[in-house]
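As a plain string of letters, each chain reads:
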Amino acid sequence: MNKYNTFKNLHQQDSALLLGNVWNVQSALLYQKLGFKAIGTSSDAIARSLGYEDGEKMPFDDLLRIVKNIQSKISIPLTVDIEGGYSRNTSEIINNIISLHNLGVVGVNIEDSISSSTREIVDAQEFSKTIQTIKSYISNNNIDIFLNVRTDFYIMGLANPLSETLKRIKVYEDSGADGIFVPCIEADKEIRQVVAATTLPINVLPMPNQSGFNNLNDLGVKRISVGSFLYNDMVATLEKTIVDILKNKSFSPIFD
């Protein structure tokens, strides 16, 4: 079985796929060492590690370089967060996906919001046309890519997130999405409704008030992403250690 089929099947198993999100080779190898079955990039973590803000501020070539380095060192499936596609032109988005596929990537995560001066949600029907065009192209050209579509009403804190998310799930499923990602949804009853709204695997992020892995499994969630939370925690820990070093005028905090 090739990596794509392995990755696709991981979304159909009894327990949810726990996806480690990475930003460099070292983090990818660590997840692989610890037994993760698949990993995905975090656009936020990669961008910030290179000195950029999230929201497609990082050049796509920089993302390709990081992905190429990661892919050359791992043996497990890798999916890549391409935010809004790193273009507003569907043909260019498809070319970006092909470039990733040529590196051995088995999936992409594409979202229905874009960043300019502010973050804006994209019209559902327009975005569905983008998904449909991408899916048609990769299917017609025998390109194996798992298309995970992210909808952003919860993460953006917009009005009526549940009802709007349910509407978009149906539209995106009909357009050819392979999976649906709903970041920042927390309440069990809302997760249950989202899962029941589609036959596609539902992907969530860990949240402070969200239930643990076992309960998410019981709710029918099929993919749990770590996102950039672990990277942010690592950076915060590093900052605290540096502050302690300066406060103590000693490197002892490193060894405590």
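That block above? That's the structure.
Residues numbered from 1 in each chain as written. Predicted model: local features only at pLDDT ≥ 70, side-chain atom pairs only at ≥ 80, totals over all residues. Heavy atoms only, no water.

**What about the nonpolar core?**
Which entries qualify depends on this criterion: Only buried residues count toward a nonpolar core. Its members are Ala, Val, Leu, Ile, Met, Phe, Trp, Tyr and Cys residues joined through side-chain atoms within 4.5 Å. Categorising residues by exposure relies on relative accessible area from a 1.4 Å probe, with only protein chains included: less than 20% of the type maximum marks a residue as buried, more than 50% marks it as exposed, and the intermediate range marks it as partly exposed. Where helices and strands are cited, they refer to DSSP runs of H or I of at least four residues and of E of at least two residues respectively, numbered from the N terminus. Two residues qualify as a contact provided that any one of their heavy atoms is within 4.5 Å of a heavy atom in the partner residue.
Formed by 64 residues in total, the largest nonpolar core has its most connected members in Ile39, Leu100, Val149, Tyr172 and Ile180. For this core, the element with the most residues is helix α4 (residues 60-71), which contributes six residues. Setting aside anything within four residues of it in sequence, one finds isoleucine 39 in contact with Leu19, Gly20, Val22, Ala28, Tyr31, Ile70, Ile74, Ile76, Pro77, Leu78 and Thr79. Ranked by size, the runner-up nonpolar core spans eight residues in total, among them Tyr4, Phe7, Leu19 and Ala38.

**Thoughts on empty space enclosed by the protein**
Let me state the cut-off plainly: Here a cavity is any set of points on a 1 Å grid over the protein atoms alone where a 1.4 Å probe fits but cannot get out, and a pocket is any open set with protein on both sides within 12 Å along at least 5 of 7 lines; a residue lines the site when it has an atom within 4 Å of a point. Grid points are joined across faces, edges and corners, and a volume is the space filled by probe spheres set on the points. Gly is placed with the polar residues, together with every amino acid not listed as nonpolar (Ala, Val, Leu, Ile, Met, Phe, Trp, Tyr, Cys and Pro) or charged (Asp, Glu, Lys and Arg).
A full pass over the atoms with the stated rule returns one cavity of 30 Å³ or more. Counting residues per element, the lining of the largest cavity draws most heavily on strand β5 (residues 113-115), which supplies three residues. Partitioning the lining of the largest cavity into residue classes produces one nonpolar, four polar and four charged.

**What to know about the environment of lysine 57**
You can see lysine 57 is positioned in the loop between α3 (43-49) and α4. Judged by relative accessible area, which is 40%, lysine 57 ranks as partly exposed. Beyond its immediate stretch of four places on either side in the chain, lysine 57 contacts Tyr52, Ser115 and Ser116.

**Examining α4**
For clarity, the threshold we go by: A helix's residues, less one, multiplied by 1.5 Å, set its expected span.
When the terminal C-alpha atoms of α4 are compared, their 16 Å separation across 12 residues agrees well with the 16 Å that a helix rising 1.5 Å per residue should span. Among all positions in α4, only Phe60, Asp62, Leu63, Leu64, Ile66, Val67, Ile70 and Gln71 are buried.

**As for the environment of phenylalanine 229**
The residue phenylalanine 229 is located in helix α10 (residues 229-248) in this model. Excluding residues within four positions of it along the chain, phenylalanine 229 makes contact with Leu205, Pro206 and Met207.

**A closer look at the packing of aromatic side chains**
Using the following cut-off: In this scheme Phe, Tyr and Trp rings, the latter by its six-membered ring, pair at centre separations within 6.5 Å, and the angle between planes marks the pair as stacked below 30 degrees, edge-to-face above 60, and tilted otherwise.
Across all of its chains, the model carries five aromatic pairs by this definition. Geometrically, the ring pair formed by tryptophan 23 and tyrosine 231 is edge-to-face, given 5.1 Å between the ring centres and 65° between the ring planes. Here tyrosine 231 lies in helix α10 and tryptophan 23 lies in the loop between β1 (17-22) and α2 (25-33), a separation of 208 residues in the sequence. Classification of tyrosine 231 by relative accessible area gives buried; the value is 10%. With a centroid separation of 5.4 Å and 55° between ring planes, the pair formed by phenylalanine 60 and tyrosine 86 is classed as tilted. Taken together, the residues phenylalanine 60 in helix α4 and tyrosine 86 in the loop between β3 (78-81) and α5 (90-102) connect sequence positions 26 residues apart. A relative accessible area of 12% means that phenylalanine 60 is categorised as buried. On the accessibility criterion, tyrosine 86 (13% relative accessible area) is buried.

**Some points on the pairing of β1**
Formally: When DSSP locates at least two bridges between a pair of strands, those strands are taken to pair.
Of all six residues making up β1, five are buried, and the element is well covered by its neighbours. Pairing of β1 with strand β10 (residues 223-225), which is carried by three bridges, proceeds in the parallel orientation. Opposite leucine 19, over in β10, you have serine 225 as the bridge partner. Sheet topology note: the β1/strand β2 (residues 39-41) ladder contains three bridges and is parallel.

**Some points on the side chain of threonine 130**
Mapped onto the secondary structure, threonine 130 falls in helix α6 (residues 124-140). Beyond its immediate chain neighbours, meaning those up to four positions away, threonine 130 contacts Thr90 and Ile93.

**Quick look at unusual backbone geometry**
We note that tyrosine 86 has phi near 60°; this positive angle belongs to a residue other than glycine. Positive phi is not limited to glycine here, since asparagine 142 has a value of about 55°. Relative to the elements of secondary structure, asparagine 142 occurs in the loop between α6 and β7 (146-150).

**Brief notes about the pattern of salt bridges**
The condition is simple: By definition here, a salt bridge exists when the distance from a side-chain nitrogen of Lys or Arg to a carboxyl oxygen of Asp or Glu is within 4 Å.
Per the counting criterion, the structure on display carries 13 salt bridges. Across the salt bridge formed by glutamate 111 and arginine 119, the nearest N and O atoms sit 2.3 Å from each other. A relative accessible area of 3% places glutamate 111 in the buried class. Of the charged contacts in the structure, one is a salt bridge between lysine 240 and aspartate 244, with a shortest N-O distance of 3.0 Å. Here lysine 240 and its partner aspartate 244 are both found in helix α10, four residues apart, which amounts to about one turn of the helix.

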